[in-house]
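Inside the fold
The chain contents come next:
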Amino acid sequence: MTLLTTIFAAIISTVIWYKNAPESQMMVGVLCWMYWGASLMWMVDAVYEYIELHMAYFQPSPADMLNDFYLGLSVVAVGLVIWLVILLIKDPKGVVKAALFKKKN
Amino acid sequence: MACFIVPAAEAVISTIVEKQLKKSEGEPQAVQVVSEEAGIETVERIPFSRKIHWLSNMLWGGSGLLAFEHVWHGEVVPWVPFLSAAGNAADRLEMLREMATVGVTMGVVVTGVWLGIVAVTSAMEKKVLLQAAKR
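Since this is a predicted model, take the numbers as computed values, not measurements.

A word on the interface of chain B and chain A
Between chain B and chain A, the contact holds 22 residues from the first and 19 residues from the second. For the pair chain B and chain A, the summed buried surface comes to about 2,000 Å²; carbon and sulfur atoms form 84% of the total. Run the count over chain B and chain A and you get zero salt bridges. In this structure, the connection of chain B to chain A is made through three residue pairs in polar contact (both at pLDDT 80 or more). Counting only elements with at least two residues in the side of chain B that touches chain A, the list comes to helix H2 (48-72) and helix H3 (89-134) of chain B.

Re the packing of helix H1 (residues 5-24) of chain B against H2(B)
All names here are of chain B. Where H1 meets H2, the axes come as close as 8 Å, and the angle between the chain directions of the two elements is 155°. As judged from the angle between their axes, H1 and H2 are roughly antiparallel. As for the relative orientation of H1 and H2, their crossing is left-handed in sense. Facing Pro7, Ala8, Glu10, Ala11, Val12, Ser14, Thr15, Val17, Glu18, Leu21 and Lys22 of H1, the residues of H2 in contact are Phe48, Ser49, Ile52, His53, Leu55, Ser56, Leu59, Trp60 and Ser63. Residue composition of the contact of H1 with H2, grouped by class: eleven nonpolar, six polar and three charged.

Things to note about the packing of aromatic side chains
Following the criterion strictly, the structure yields seven aromatic pairs over all chains and no others. On the numbers, 5.1 Å between centres and 80° between planes, the contact of A:Tyr70 with B:Trp72 is edge-to-face. Of the two residues, A:Tyr70 is situated in helix H3 (residues 62-90) and B:Trp72 in helix H2; the pairing between them involves two chains. Owing to a relative accessible area of 54%, A:Tyr70 belongs among the exposed residues under this scheme. For B:Trp72, a relative accessible area of 28% corresponds to the partly exposed category. Through successive ring pairs, a cluster of aromatic residues spans A:Tyr50, A:Tyr57 and A:Phe58.

The rules behind the values
- Residues numbered from 1 in each chain as written.
- Chains lettered and ligands numbered in written order.
- Predicted model: local features only at pLDDT ≥ 70, side-chain atom pairs only at ≥ 80, totals over all residues.
- Heavy atoms only, no water.
- Contact = heavy atoms within 4.5 Å.
- Buried area = accessible area lost by both parts, 1.4 Å probe.
- Salt bridge = Lys/Arg side-chain N within 4 Å of Asp/Glu carboxyl O.
- Polar contact = N/O pair within 3.5 Å; in protein donor to acceptor, adjacent residues only side chain to side chain.
- Helix = DSSP H or I, 4+ residues; strand = E, 2+ residues; numbered from the N terminus.
- Axes fitted to C-alpha atoms, helices over the stretch in contact; angles between N-to-C directions.
- Parallel < 35°, antiparallel > 145°, perpendicular 65-115°, else oblique.
- Left-handed = near helix turned anticlockwise from the far one by under 90°.
- Nonpolar A, V, L, I, M, F, W, Y, C, P; charged D, E, K, R; others polar.
- Phe/Tyr/Trp six-rings, centres within 6.5 Å; stacked < 30°, edge-to-face > 60°.
- Buried < 20%, exposed > 50% of the residue type's maximum accessible area, 1.4 Å probe, protein only.

See below:
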């Protein structure tokens, strides 16, 4: 479930990136690389688990599935927070700079 | 257990290589392309440092999120030695085995996918530059 959730996050962020390309002011590309990197790594993890568990890998208990889904959503949230921090620090639109150093009349 | 350490180490290396390349690279080669939709456009060859940046992003992002998963499962702890498996010899051996198998495969797979992306973008670049040279 963690792998699936991350793959869906990677697909959605890639679609959003493609829709706005070549504009990259929101730095959605960062999200794409991050989620695809994590998806590939979890895919490797899943393959090793499959080798160990065989068909049992595809029959997790509902409690395990729920816990893994909860973890997947948390991973997506952590990824979004990392992206937001990078976006605010790099500030490609200059919004943070403008808000902080705005002259008062 | 600690498989994310291998791609994280690769991310450190790729970031260092990227910074070094950025310093040594000059201005990217630029050509003018005439297209029916956009008219005359200037197209720049993608510097190799930017391509390595894609790899760094995947490795940092992936290992960062995997590290979070390890915190979730109690495998990374906020006290020395920071990895719960490093506490006793048997677990340490298992951790090293996992790093050597799963961790190394993760690095290889991410690098392999990146090489595929670089090959495709390089082919697209060549096509655009050839078209520009013909005109």
